[in-house]
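Overview (structure and organization)
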Amino acid sequence: MTDDLLGAFNLLADGLRADPLLSLASAVCWLDPLWRDDGEDADVPYDTDGILAAALGITRRTFPEVYMQAVNAIRQGASYAEIDRLICEAVTARGIPLDGIEFMAYGIPLPAYGAALSDPDFYERHPDTLPVLACFGITPDPEAYAIDVPDLAYTAAQRIAADLEQQTDAGWQQIGWLLRWLFSCSGNSSVDYDDETMSGFQPLAWEPDDIAFAVEIIAEAETIMRDALAGLALLNGQPELTKALQQNVERITRSLDKRSTKGNLNEPHFRLEWPPARRGDHGTAVPDPQLLQLRDPAA
Amino acid sequence: MTSELLRDCLAGAVPVDLRGMRLLKACPQPADLPRETLTQAVIEIIEYTGRCQVAAHLLSQLAPIPLIAVAIPEYGL
């Protein structure tokens, strides 16, 4: 019986190969097992098999080369975890960080770096931001259920960030990006929204235009966050900069207070002063390992 | 469940009738098979393979069944 069954398989396989049309059809099915993609992926249940099927369907439409790699790996007996890792690494390499294929079915996952200043947990995760936030009068009570951040702090931060953007000093520009991150006014969704806020929006779809848009958002967000963290390190490393920031916050706050007291709707004018922000210790040159790698020691 | 009952169950299974098996018995040359016949036979054997995989999966999920009437003296306690 087993021999007959195997014989039947061989006979049919030989028959398929002997017919050019069926041979071509076999090749299509072999190379592209999801060739009959008819848009039913949304109905795939979120069990393990359904997640993988959805991920394969998405990669087939968006990153065919990743789909082919995954199909090939499946044929070679790769485990679910290996396929998951393969797809995640390949999609991440294309500019969309992906932690697990289970996130794919919802749409393009965007990182959410947003600073939730009203959430006490934020200050536990980022205690190094406390000195700069204190400049704006934000001193969180660890026992409080929610932190009350006055609107004036947001307004002052936006004004200062706008002023720092005009500075030629790269250090202060980075501090400007730090403020834009902390006060959610960068204009980049990934930088401004935390996970909770981001989940309230319809995710971008796995379509070419949306993918290009997502890649652009993510790349910009990473640049902003790099600058913001560099600005944070700069502020925390040089107390005189924090002092200058605090003085300018006070100037702006006074100006905004006067404006609201007098009912003046004109834009307040203020002149902010920024001392030089030294990048590195005491103004000395700081070696950059990435740049040093570009130099040939033998040259 | 006894070993006799299990054997009877297996022996009572109706042999599957596949077009591919019939074609094999007829011993045609693969190149001579009509396209439609070949297509139907391939579809049928793929479906059969799928059913076998599902059955094997279900069997692998079954809880152990004690075979109370089977004596295994080699491993007697």
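This report concerns the structure included in the present document. (Residues numbered from 1 in each chain as written. Chains lettered and ligands numbered in written order. Predicted model: local features only at pLDDT ≥ 70, side-chain atom pairs only at ≥ 80, totals over all residues. Heavy atoms only, no water.)

Details of the overall build of chain B
Counting its secondary structure elements, chain B contains three helices and zero strands. In sequence order, the secondary structure elements of chain B are arranged as α-α-α. Taken over C-alpha atoms, the radius of gyration comes to 19 Å for chain B, far larger than the 11 Å a tight globule of 77 residues would show. Summarising its shape, the C-alpha atoms of chain B cover approximately 60 × 25 × 20 Å along the three principal directions. Taking all 77 residues of chain B together, 16% fall into the buried category. (Helix = DSSP H or I, 4+ residues; strand = E, 2+ residues; numbered from the N terminus. Rg over C-alpha atoms; globule rule 2.2 N^0.38 Å. Buried < 20%, exposed > 50% of the residue type's maximum accessible area, 1.4 Å probe, protein only.)

Comments concerning the interface of chain A and chain B
Taken together, the contact between chain A and chain B spans 15 residues of the former and 19 residues of the latter. Where chain A packs against chain B, one counts one salt bridge. A salt bridge links Asp19 of chain A to Arg35 of chain B; the nearest nitrogen and oxygen atoms lie 2.8 Å apart. Applying the counting rule to chain A against chain B returns one residue pair in polar contact (both at pLDDT 80 or more). Here the side of chain A that touches chain B takes eleven residues from helix α1 (residues 2-18) of chain A, the largest share from any one element. (Contact = heavy atoms within 4.5 Å. Salt bridge = Lys/Arg side-chain N within 4 Å of Asp/Glu carboxyl O. Polar contact = N/O pair within 3.5 Å; in protein donor to acceptor, adjacent residues only side chain to side chain.)

Quick notes on helix α12 (residues 208-237) of chain A
An ideal rise of 1.5 Å per residue puts 44 Å on 30 residues; α12 of chain A measures up with 43 Å between its terminal C-alpha atoms. Taken as a whole, α12 of chain A has its buried residues at Ile211, Ala214, Ile217, Ile218, Ala221, Ile224, Met225, Ala228, Gly231, Leu232, Leu234 and Leu235 of chain A. (Expected span 1.5 Å × (residues − 1).)

A short note on the environment of Val70 of chain B
All names here are of chain B. Mapped onto the fold, Val70 is located in the segment after α3 (35-60). Exposure remark for Val70: the relative accessible area of 32% places this residue in the partly exposed category. Along the sequence, Val70 and Leu5 sit 65 residues apart, while their C-alpha atoms lie 11 Å from each other.

Details of the layout of surface pockets
Empty pockets left among the atoms are what a rolling probe the size of a water molecule brings to light. Residue and element names in this part refer to chain A. The volume enclosed by the second largest pocket comes to roughly 580 Å³. Along the walls of the second largest pocket sit 22 residues, with Ile108, Pro109, Leu110, Pro111 and Met198 positioned nearest its centre. Residue assignment for the lining of the second largest pocket shows that the elements contributing at least two residues are α11 (195-198) and α12. Partitioning the lining of the second largest pocket into residue classes produces 16 nonpolar, four polar and two charged. (1 Å grid on protein atoms, 1.4 Å probe; cavity = no way out; pocket = protein on both sides within 12 Å on 5 of 7 lines; lining within 4 Å. Points joined across faces, edges and corners; volume = space filled by probe spheres on them. Nonpolar A, V, L, I, M, F, W, Y, C, P; charged D, E, K, R; others polar.)

Some remarks on the pattern of salt bridges
Per the stated rule, a full pass over the model turns up nine salt bridges over all chains. Between Glu273 of chain A and Arg251 of chain A there is a salt bridge; the shortest N-O distance is 3.8 Å. Placement of Glu273 of chain A in the loop between α13 (239-262) and α14 (289-292) and of Arg251 of chain A in helix α13 is noted, with a sequence separation of 22 residues between them. Classification of Glu273 of chain A by relative accessible area gives partly exposed; the value is 48%. On the accessibility criterion, Arg251 of chain A (26% relative accessible area) is partly exposed. When the shortest N-O distance is used, the salt bridge between Arg22 of chain B and Asp17 of chain B registers 3.1 Å.

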